[in-house]
Amino acid sequence: MSYDNDNIFAKILRSEIPSERVYEDDATLAFMDIMPRADGHVLVIPKGAARNMLDATPEQLAACLVTVQKIAHAQIKAFNADGTTLQQFNEAAGGQEVFHLHYHVLPRHEGIRLRPPGTMEKPELLKEHAEKIRQALS
Ligand code: 5GP
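Heads up: these notes are all about the structure in this document.

Calculation rules
Residue numbers run consecutively from 1 along every chain, following the written order of its sequence. Where local features are concerned, this predicted model is filtered to residues with pLDDT of at least 70; where side-chain atom pairs are given and counted, the filter is 80 or more; whole-chain, interface and lining totals use all residues. Side-chain numbers come from the whole structure's heavy atoms, not from hydrogens or water. Note on conventions: DSSP H or I runs of at least 4 residues are helices, E runs of at least 2 residues are strands, and numbering of each starts at the N terminus. The globule rule used for comparison is 2.2 Å times the number of residues to the exponent 0.38, while the radius of gyration itself is calculated over C-alpha atoms. Each residue is placed in one exposure class: buried if its accessible area under a 1.4 Å probe, protein chains only, is under 20% of its type's maximum, exposed if it is over 50%, and partly exposed if it falls in between. The criterion used for residue contact is that any of the two residues' heavy atoms lie within 4.5 Å. In these tables, accessible area is a Shrake-Rupley quantity obtained with a 1.4 Å probe, and a residue counts as shielded only by the protein chains included in the view. Only four residue types enter the charge count: Lys and Arg as positive, Asp and Glu as negative, with His and the chain ends excluded. Lysine's charge is taken at NZ, arginine's at CZ, aspartate's at CG and glutamate's at CD. Patch membership requires over 30% relative accessible area and the absence of a salt bridge. Like charges are linked within 9 Å, and nonpolar side chains (Val, Leu, Ile, Met, Phe, Trp, Tyr) within 5 Å. Salt bridges are identified by distance alone: a Lys or Arg side-chain nitrogen within 4 Å of an Asp or Glu carboxyl oxygen. Throughout, the term near means that a residue has one or more heavy atoms lying within 4 Å of the molecule or strand in question. Here a polar contact is recorded for every N or O atom pair within 3.5 Å, except that within protein the pair must consist of a potential hydrogen donor and a potential acceptor, and residues adjacent in sequence are included only if both atoms are side-chain atoms. Only protein atoms enter the 1 Å grid used here. Points where a 1.4 Å probe fits but cannot escape make up a cavity, open sets with protein on both sides within 12 Å along at least five of seven lines make up a pocket, and a residue lines them when an atom lies within 4 Å of a point. A molecule is counted as occupying a cavity or pocket when more than half of its atoms fall within 2 Å of that pocket's grid points. By the convention adopted, Pro, Cys, Tyr, Trp, Phe, Met, Ile, Leu, Val and Ala count as nonpolar, Lys, Arg, Asp and Glu as charged, and the other residues, Gly among them, as polar. Here, expected helix span is obtained from the residue count minus one, scaled by 1.5 Å. Directions from the helix axis toward the C-beta atoms define the arc.

## Structural notes on the overall build of the protein chain
Helix and strand counts for the protein chain come out as 3 helices and 5 strands. Order of helices (α) and strands (β) in the protein chain, N terminus to C terminus: α-β-β-β-α-β-β-α. In terms of overall size, the protein chain behaves like a compact globule, its C-alpha atoms giving a radius of gyration of 14 Å where 138 residues would be expected to give roughly 14 Å. Judged by the C-alpha coordinates and their principal axes, the protein chain covers about 40 × 30 × 25 Å. Put simply, the protein chain has 138 residues, and 43% of those count as buried. Contacts spanning at least 24 positions in sequence make up 63% of the contacts within the protein chain whose residues lie at least 6 apart. Accessible surface for the protein chain amounts to roughly 7,600 Å². Of this, 55% is attributable to carbon and sulfur atoms. One finds the centroid of the 15 positive side-chain charges in the protein chain at a distance of 3 Å from the centroid of its 19 negative side-chain charges.

Structure, rendered in structure tokens:
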């Protein structure tokens, strides 16, 4: 399986389509999931090409996890969360829908289940949640 330069996250990286960015460094980008399964649901991706965990370099994997940890701490602060769920899917059989490596970072509250996938969030609410995370990071 090869990397498709025109996948949606590659377009987000090139700013060809909009996204609500919360953090970036030389190697990674973090932005809001447009169909959040919990308030504050963030996706962390490497800036370089990687289809998923199976073809990623050790450096890409390490850089993503460092950013995941930063985001998780910021979400806990921003949403007063009790914990974090980290999800990562590989190939269609593994549940992957967008074929650029990504980690789902989800703030969790005691006793609250994740919402089902597939419901678009209002852009203004995504913006509000992104701003809370950006502030917690600063
Ligand atoms: P997965 O490949 O891990 O199954 O899921 C891909 C994730 O990307 C889903 O949670 C979906 O809501 C999110 N997603 C799909 N298209 C877009 C998009 O255009 N922008 C953003 N920010 N997220 C997207």
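## Structural notes on a nonpolar patch on the surface
On the surface, Ile34, Met35 and Met120 cluster together into a nonpolar patch covering about 280 Å² of accessible area. By the element assignment, Ile34 lies in the loop between β2 (28-32) and β3 (42-46). Residue class for Ile34 comes out partly exposed when judged on its relative accessible area of 44%.

## Observations concerning the site of the ligand
Surrounding the ligand, one finds 16 residues, the nearest of these being Asp33, Gly95, Glu97, His102 and His104. Within the backbone of Glu97, one N or O atom sits 2.6 Å away from an oxygen atom of the ligand. Contact distances for the ligand include 2.6 Å between an oxygen atom and a side-chain N or O atom of His104. Compared with its free state, where it exposes 520 Å², the ligand has 87% of that area covered by protein. The pocket occupied by the ligand, as judged from atoms lying within 2 Å of grid points, is the largest pocket. For the shell around the ligand, the secondary-structure elements that each account for two or more residues are α1 (8-13) and β2. It is α1 that contributes the most residues to the shell around the ligand, 3 residues altogether. Its residues assigned to classes, the shell around the ligand shows 10 nonpolar, 4 polar and 2 charged.

## Topic: helix α3 (residues 123-137)
The first and last C-alpha atoms of α3 sit 21 Å apart over 15 residues, in line with the 21 Å expected at 1.5 Å per residue. Of all the residues in α3, the buried ones are Leu126, His129, Ala130, Ile133 and Ala136. The buried residues of α3 occupy an angular sector of 120° when projected down its axis, which confines them to one face. Relative to its buried face, α3 has exposed residues pointing more than 90 degrees away, namely Glu124 and Gln135.

Any functional reading would require information beyond the geometric quantities listed.
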